[in-house]
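So the chains spell out like this:
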Amino acid sequence: MKMRNVMTLALVALSLAFVGCDKKDDVKETIKKSKTIDATKYEMWTYVNLETGQTETHRDFSEWHVMEKGKLLETIPAKGSEADIKIKWHIAIHRFDIRTNEGEAIATKETEFSKVTGLPAGDYKKDMEIKDKMLVGFNMADMMKSKFIVAGMAKVNPVLKTWIVENPMGKVPVLSKSVFVVKFKDGSYAKIKFTDATNDKQEKGHVSFNYEFQPK
């Protein structure tokens, strides 16, 4: 009888050991990448899959409004929808605006990835809707008359948009030194640090960033 109990305990211990190994093996490896997005075209959004590195660019899907000195002159009908996006995406970039795919973001006080472990506690913010504020088209002649084309409705993450502060008079923008953390609806998350807003010629609208993506 004692021998049978010993055998039973041994089998239970062995099975638990295998379960432990399986759980450890289920932890997916962190993906570390760097990317630069050409966001020079005001009418376009670039959608980014942080897991694969794939990108896809589309015209802003919203209705556009031609505004002059704050007054609506013309409405340009919407074209396409998010159903046109063929890749699984995590964040999207429009010029210096950034949104998530139903994610939430915080800006940490850290400047190095190694000092941000797991999902830090904090007040994560979802994307917000903005009306008639996101620029999607203009020309220099119209600018002199305060005439612009804006997205009737757009989504921008209020935390991620703080990655940059644009300076007037053509000066180089100032970048946040913070590591941002974004968690996604499927349980995955990413640490992101923005590194540049210009290309080698100091032309604005080229968004560079390093990131670490942790799959679910």
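For the structure, see preceding data.
Scope of this entry: the structure provided in the associated data block. Nothing here was measured: the structure is a model prediction, and the numbers come from that model.

Parameters and conventions
- The numbering scheme is per chain: residues are counted from 1 as the chain's sequence reads.
- Reporting in this predicted model follows two pLDDT cut-offs: at least 70 for local features of residues, and 80 or more for side-chain atom pairs to be given and counted; totals over whole chains, interfaces and linings ignore these cut-offs and use all residues.
- For side-chain calculations, the full set of non-hydrogen atoms in the structure is used, while hydrogens and water are omitted.
- By definition, two strands form a pair when at least two bridges between them are found by DSSP.
- A run of H or I in DSSP counts as a helix once it spans at least four residues, and a run of E counts as a strand once it spans at least two, with each numbered from the N terminus.
- Residues belong to one nonpolar core when they are buried, are Ala, Val, Leu, Ile, Met, Phe, Trp, Tyr or Cys, and are joined through side-chain atoms within 4.5 Å.
- Partly exposed residues are those whose accessible area sits between 20% and 50% of the maximum for their type, while under 20% is buried and over 50% is exposed, using a 1.4 Å probe and protein chains only.
- The criterion used for residue contact is that any of the two residues' heavy atoms lie within 4.5 Å.
- Distance and chemistry together define a polar contact, namely a pair of N or O atoms within 3.5 Å, with one atom able to donate a hydrogen and the other to accept it when in protein, and with adjacent residues in sequence counting only for side-chain atoms on both sides.
- Both site types are read off a 1 Å grid over the protein atoms alone. A 1.4 Å probe that fits but cannot get out defines a cavity, while an open set with protein on both sides within 12 Å along at least five of seven lines defines a pocket; lining residues have an atom within 4 Å of a point.
- Grid points are joined across faces, edges and corners, and a volume is the space filled by probe spheres set on the points.
- In this count, Pro and Cys sit with the nonpolar residues alongside Ala, Val, Leu, Ile, Met, Phe, Trp and Tyr, while Asp, Glu, Lys and Arg are called charged and the others, Gly among them, polar.
- A pairing counts as a salt bridge when a side-chain nitrogen of Lys or Arg comes within 4 Å of a carboxyl oxygen of Asp or Glu.

## Overview of the sheet that holds strand 9 (residues 125-126)
So, point 1. With respect to topology, six strands assemble into an open sheet ordered 1-18-17-16-8-9, the strand pairing being antiparallel. Two strands in the sheet have a free side with no partner beyond their single neighbour: strand 1 (31-38) and strand 9.

## A word on the nonpolar core
So, point 1. Among the nonpolar cores identified, the biggest contains 25 residues, and Leu50, Ile91, Trp163, Ile192, Phe194, Val207 and Phe209 are the most heavily contacted of them.
So, point 2. Each residue touching Ile91, except ones within four places of it in the same chain, is listed here: Thr46, Tyr47, Val48, Leu50, Ile98, Arg99, Thr100, Phe184, Ile192 and Phe209.
So, point 3. Within the second largest apolar cluster, 14 residues are counted, among which are Ile85, Ile87, Ala92 and Ala151.

## Thoughts on the environment of Asp123
So, point 1. Structurally, Asp123 is set in the loop between strand 8 (104-107) and strand 9.
So, point 2. As a C-alpha pair, Asp123 and Glu104 span 19 residues in sequence and 9.2 Å in three-dimensional space.
So, point 3. Discounting chain neighbours no more than four positions away, the residues touching Asp123 are Ala105 and Ile106.
So, point 4. Within the structure, the side chain of Asp123 is placed 3.0 Å from the side chain of Lys125, a separation counted as a polar contact.

## A few points about the layout of surface pockets
So, point 1. Within this model, the largest pocket holds a volume of roughly 340 Å³.
So, point 2. Lining the largest pocket are 18 residues; nearest its centre among them are Arg95, Phe96, Asp97, Lys133 and Glu166.
So, point 3. Among the elements of the structure, strand 10 (128-131) and strand 14 (164-165) are those that each provide at least two residues to the lining of the largest pocket.
So, point 4. Its residues placed into classes, the lining of the largest pocket shows 12 nonpolar, one polar and five charged.
So, point 5. The calculated volume of the second largest pocket comes to roughly 160 Å³.
So, point 6. Lining of the second largest pocket is provided by Trp45, Tyr47, Asp60, Phe61, Ser62, Glu82, Arg99, Met153, Ala154 and Lys155.
So, point 7. Of all the elements, strand 13 (residues 153-156) adds the most residues to the lining of the second largest pocket, at three residues.
So, point 8. The class makeup of the residues in the lining of the second largest pocket is five nonpolar, one polar and four charged.

## Overview of the pairing of strand 7 (residues 97-100)
So, point 1. Examined bridge by bridge, strand 6 (residues 91-94) and strand 7 share four bridges and lie antiparallel to one another. From the neighbouring strand, Ile93 faces strand 7, where its bridge partner is Ile98.

## Remarks on the pattern of salt bridges
So, point 1. What the rule picks out here adds up to seven salt bridges.
So, point 2. Across the pair Lys88 and Asp186 runs a salt bridge, and its minimum N-O distance is 3.4 Å. In this pair, Lys88 is assigned in the loop between strand 5 (71-76) and strand 6 and Asp186 in the loop between strand 16 (180-183) and strand 17 (189-198), connecting sequence segments 98 residues apart.
So, point 3. Overall, Asp186 belongs to the partly exposed group, its relative accessible area being 25%.
So, point 4. The salt bridge partner of Lys125 is Asp123, with a shortest N-O separation of 3.0 Å.
So, point 5. What makes Asp123 exposed here is its relative accessible area of 55%.
So, point 6. Salt bridges sharing common partners tie together Glu82, Arg99 and Asp127.

Bear in mind that shape data such as this cannot, by itself, settle questions of function.
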